Amino acid sequence: MDLSTLAGDPTSEPDDLAGAVDAAAGEVAAFGPVLGLVDHDAPAVRTAVARALPHLATMEINAPFAPLAVDALISLTADPVGDVRNWACFGLGTQMDEIDGTTVREALAARLTDRHGEARREALIGLARRRDARALPAVRAALCRSDVWLLEVEAAGALGEPSLHPLVLRHLDGWDGGAARTVAAVARLTDPDGLGHDLVDGLAVWYRCGGPLAADTDPGWWRIALDLLELAPYRAGELAGAVAARLGNDHHALDALDDSTLGAIARAHGWAGVLH
């Protein structure tokens, strides 16, 4: 049975309705029916709504109605059920981190002391991605504990506050795979000396060899750069500028930088680009 039918039937089982919401998260026409379930009595349904709304709101055709999704997620961040708050904070804080404003920040800040750990950490990273000063003491307190969570370390990277660097260094060990790469990125992002001469040199060599179009060079330094930019895209201009300075008058390499993903992200955050 489809979502509209289940949503219109007061006898629908909550689990069936929640499943229909999840299944409809990729369907443009589901935005209205999902939005209409924000105040549903069943926590399972409200949780599914919090999961689905960010996906639906970011579809181009639904863009004019995105503020309605933001308002709905803000209300769900204060839901009496912790799992609903968790998904709402994740959706608002990370999945829709391009959305900013006083009401969004206040909603996330209100959850910094949430008794539900996952909701609290999702609110923290969401606030840190917006570089809100209220995230800093919460991040510092988290890094002073021995049982730090990855999201709390990521929040330090998003803030990029150099005073957090010694605390981040305490937590470099004990991570596996992608988490280890993320923590290493956070160490760079909080380093008072900058993102690293090795990274700038490595990217300069990569762009001299063609950058993204290179057939034989290892894009390892670019992967490191992506780890940084995932947490702190606003640092792209700083990184691109440093690489451009290292490239000097190598116009082919400068063009490769200017046309690359790094160049695009940097320009989106105020970098002027390469000028010959």
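The preceding data block contains the structure.
Residues numbered from 1 in each chain as written. Predicted model: local features only at pLDDT ≥ 70, side-chain atom pairs only at ≥ 80, totals over all residues. Heavy atoms only, no water.

Draft legend 1. Quick peek at the nonpolar core. One finds Leu203, Tyr207, Leu257 and Leu262 to be the most contacted residues of the largest nonpolar core, which totals 89 residues. If one sorts the elements of this core by residue count, helix α4 (residues 43–57) sits on top with eight residues. The contacts of Tyr207, once residues within four sequence positions are left out, are Pro212, Trp222, Val243, Leu247, Ala253, Ala256, Leu257, Ser260 and Leu262. (Core = buried A, V, L, I, M, F, W, Y, C linked by side-chain atoms within 4.5 Å. Buried < 20%, exposed > 50% of the residue type's maximum accessible area, 1.4 Å probe, protein only. Helix = DSSP H or I, 4+ residues; strand = E, 2+ residues; numbered from the N terminus. Contact = heavy atoms within 4.5 Å.)

Draft legend 2. Region of the structure containing helix α15 (residues 236–247). Over its 12 residues, α15 runs 16 Å from end to end, which matches the ideal 16 Å to within 8%, given 1.5 Å per residue. Buried within α15 we find Ala236, Gly237, Leu239, Ala240, Val243, Ala244 and Leu247. All buried residues of α15 fall inside an arc of 160° around its axis, so they share one side. Those residues of α15 that are buried lie in contact with α13 (197–208), α14 (220–231), α16 (251–258) and α17 (261–268). Phi turns positive one or two residues past the end of α15, at Gly248, with a value near 60°. (Expected span 1.5 Å × (residues − 1). Arc of directions from axis to C-beta.)

Draft legend 3. Molecular detail of unusual backbone geometry. A positive phi angle, near 55°, is found at Arg131, a position not held by glycine. Among the structural elements, Arg131 can be located in the loop between α8 (117–129) and α9 (135–143). For Arg131, a relative accessible area of 49% translates into the label partly exposed.

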